[in-house]
Amino acid sequence: MAAHPHTVAFYAAQSTFSDPGELAHVYADLPTDPTELACIARDLTIHRLEDEQFGHTHPTDRLHNDAETRYIDDILRIVVERNSAPLSQRRELGDRFVGTCRDFTLLHVSFLRQAGIPARLRIGFADYWGSSGFHSDHVVTEYWDEERGWLFADAQLADPFVTDHWKVDFDPMDVPRDRFLVAGEAWQAIRERGAAPETFGLHPPAEGPFWGERYVAGNIRLDLAALNKVETLLWDVWGEDEGEPGEPLPEASREFYDRVAPVVCGEVSLEATRKLFAENDVLRTPRTVTCFAPFNGPSLVTLR
């Protein structure tokens, strides 16, 4: 299968967020196989919410601060300071970076790009973190396979202990596209196919306001930015319509995202995503964003 050379070149090159910079030398001995690289990303990281699952207590400062690290060189600096062994060596839980799905994925994408493999972050919703039918806010890798085209991979699942815990019944390096919906597809599922808005979000409605159309629209902005290699934190916010989390969007905003969603679904056109991102002030990531850090509170952050 062939991809447009410009698309391959764009996604095989590092971004400001994925570039290891001065720490590129720690990649020297990494393999080039996507599956092996996913396992390494998994073994360097533990999710903020995996403490009970792994029987581990995160130090408070790491729980609060690690996942506020936007750039891969800073993540690598933390990893290496805690344990200077080669990255391919599995870390003990106490030496791992305490992150989120975005951090497993950013590491994986950075490794792949350094190996010359086109890769990008995709933001959307997964139905495999439980059996309730809820689609949880999630980030996965989309990488280019010469024979099959673009595939989804979930580096967070690249540990048999984790896949067994969640009873995952598919290959984490080939996540079925009906198990992970990119944000635009989640929007279309709600607007065009009658899916319940309350089944998409950070958590179900009983646990807070971060669900439904407004939340899905925010993830469309994040996914479009990631397709343009602006791979921000998941709680970096811009272009918001006025209104509180959980409130329905105004009809004009619904119609706006009806037009945006198809651009970030299916066979994504690099030209179309770059044009949309460049020309629309609501969608384009500004130099300064509002960061709603879960533990540290809101702040204005100027990006590199």
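Chemist: Explain the overall build of the protein to me, and be specific about the residues and the numbers.
Modeler: Per the secondary structure count, the protein includes 11 helices and 10 strands. The C-alpha radius of gyration of the protein comes to 18 Å, within 12% of the 19 Å expected for a compact globule of 304 residues. Oriented by its inertia axes, the alpha-carbon framework of the protein measures out at about 55 × 45 × 40 Å. Burial statistics for the protein: of 304 residues in total, 56% are counted as buried. When contacts within the protein are restricted to residue pairs at least 6 apart in sequence, long-range pairs at least 24 apart make up 69% of them. Accessible area for the protein stands at about 13300 Å²; split by element, carbon and sulfur atoms hold 51% of it. Across the protein, the mean location of the 29 positive side-chain charges is 3 Å away from that of the 51 negative side-chain charges.

Chemist: Account for the sheet that holds strand 9 (residues 288-293), naming residues and giving values.
Modeler: The strand order across the open sheet formed by 3 strands is 8-9-10, and the pairing between neighbours is antiparallel. Looking at the sheet topology across the chains shown, the edges are occupied by strand 8 (236-237) and strand 10 (297-302).

Chemist: Mind laying out the pairing of strand 9, listing which residues take part and the relevant values?
Modeler: Working note: regular strand, side chains alternate between the two faces of the sheet. A one-sided burial pattern is seen for strand 9, the buried positions being Val289, Cys291 and Ala293 and the unburied ones Thr288, Thr290 and Phe292. Relative to strand 9, strand 8 runs antiparallel, the two sharing 2 bridges. Bridging from a neighbouring strand, Asp236 pairs with Cys291 of strand 9. As defined by bridge partners, strand 9 adjoins strand 10 across 6 bridges and the pair is classed as antiparallel. Its bridge partner being in strand 10, Val289 is matched across the sheet by Val301. Where strand 9 hands over to strand 10, the hairpin turn is made up of 3 residues, counted between the paired strands.

Chemist: So what about the environment of Ala272? Which residues, and what values?
Modeler: The topology assignment puts Ala272 in helix 11 (residues 270-279). In this structure Ala272 comes out as partly exposed when scored by relative accessible area, which is 32%. Separated by 35 residues in the primary sequence, Ala272 and Val237 place their C-alpha atoms 22 Å from one another.

Chemist: Which residues make up unusual backbone geometry, and what values do they have?
Modeler: For Lys167, which is not a glycine, the phi torsion comes out positive at approximately 55 degrees. Here Lys229, not a glycine, exhibits a phi torsion of approximately 65 degrees, which is positive. Assignment of secondary structure puts Lys229 in the loop between helix 9 (213-227) and strand 8.

Chemist: Can you explain the environment of Pro205? Please cite residues and give values.
Modeler: Structurally, the position occupied by Pro205 is in the loop between strand 7 (200-201) and helix 9. The exposure class assigned to Pro205 is partly exposed, which follows from its relative accessible area of 36%. The sequence separation of Pro205 and Gly246 amounts to 41 residues, and the corresponding C-alpha distance is 8.4 Å.

Chemist: Give me the lowdown on the nonpolar core, citing residues and values where you can.
Modeler: Most often, soluble globular proteins have nonpolar side chains that are buried together. The biggest cluster of nonpolar side chains holds 79 residues, and the ones touching the most others in it are Tyr27, Leu76, Leu87, Phe111, Trp187, Phe200 and Tyr257. Top contributing element to this core by residue count: helix 9, with 9 residues. When sequence neighbours within four positions are dropped, the list of residues in contact with Phe200 reads Phe125, Phe134, His135, Leu181, Ala186, Ala189, Ile190, Ala195, Trp211, Gly212 and Val216. In terms of nonpolar packing, the next biggest core, distinct from the first, is built from 15 residues, Ala126, Val168, Phe170 and Val182 among them.

Chemist: An account of helix 2 (residues 34-44) is requested, with residue identities and associated values reported.
Modeler: Taken across its 11 residues, helix 2 has 8 buried, putting it largely inside the fold. Those residues of helix 2 not exposed but buried are Pro34, Leu37, Ala38, Ile40, Ala41, Arg42, Asp43 and Leu44. Residue Asp33 occupies the N-cap position of helix 2, its side-chain oxygen lying 3.1 Å from the main-chain nitrogen of Thr35.

Chemist: Quick one: what's the story with helix 6 (residues 101-114), residue by residue and with numbers?
Modeler: For helix 6, which comprises 14 residues, the first-to-last C-alpha distance of 20 Å matches the rise-based estimate of 20 Å (1.5 Å per residue) to within 8%. For helix 6, the buried fraction is high: 13 of the 14 residues fall into the buried class. A positive backbone phi angle near 85 degrees is found at Gly116, which sits one or two residues after helix 6.

Chemist: With reference to specific residues and values, describe the pattern of salt bridges.
Modeler: Here the structure, examined in full by the defined rule, presents 24 salt bridges. When the shortest N-O distance is used, the salt bridge between Glu142 and Arg177 registers 2.8 Å. With Glu142 in strand 4 (residues 135-145) and Arg177 in the loop between helix 7 (160-165) and strand 6 (180-182), this residue pair connects regions lying 35 residues apart in the sequence. On the basis of relative accessible area, Arg177 is assigned to the partly exposed category, the value being 37%. The network of salt bridges with shared partners includes Arg120, Arg122, Glu142, Arg177 and Asp223.

What counts as what
- Residues numbered from 1 in each chain as written.
- Predicted model: local features only at pLDDT ≥ 70, side-chain atom pairs only at ≥ 80, totals over all residues.
- Heavy atoms only, no water.
- Helix = DSSP H or I, 4+ residues; strand = E, 2+ residues; numbered from the N terminus.
- Rg over C-alpha atoms; globule rule 2.2 N^0.38 Å.
- Buried < 20%, exposed > 50% of the residue type's maximum accessible area, 1.4 Å probe, protein only.
- Contact = heavy atoms within 4.5 Å.
- Areas by Shrake-Rupley, 256 points an atom, 1.4 Å probe, with all protein chains shown as cover.
- Lys, Arg positive; Asp, Glu negative; His and termini not counted.
- Charge placed at Lys NZ, Arg CZ, Asp CG, Glu CD.
- Pairing = 2+ DSSP bridges.
- Core = buried A, V, L, I, M, F, W, Y, C linked by side-chain atoms within 4.5 Å.
- Polar contact = N/O pair within 3.5 Å; in protein donor to acceptor, adjacent residues only side chain to side chain.
- Expected span 1.5 Å × (residues − 1).
- Salt bridge = Lys/Arg side-chain N within 4 Å of Asp/Glu carboxyl O.

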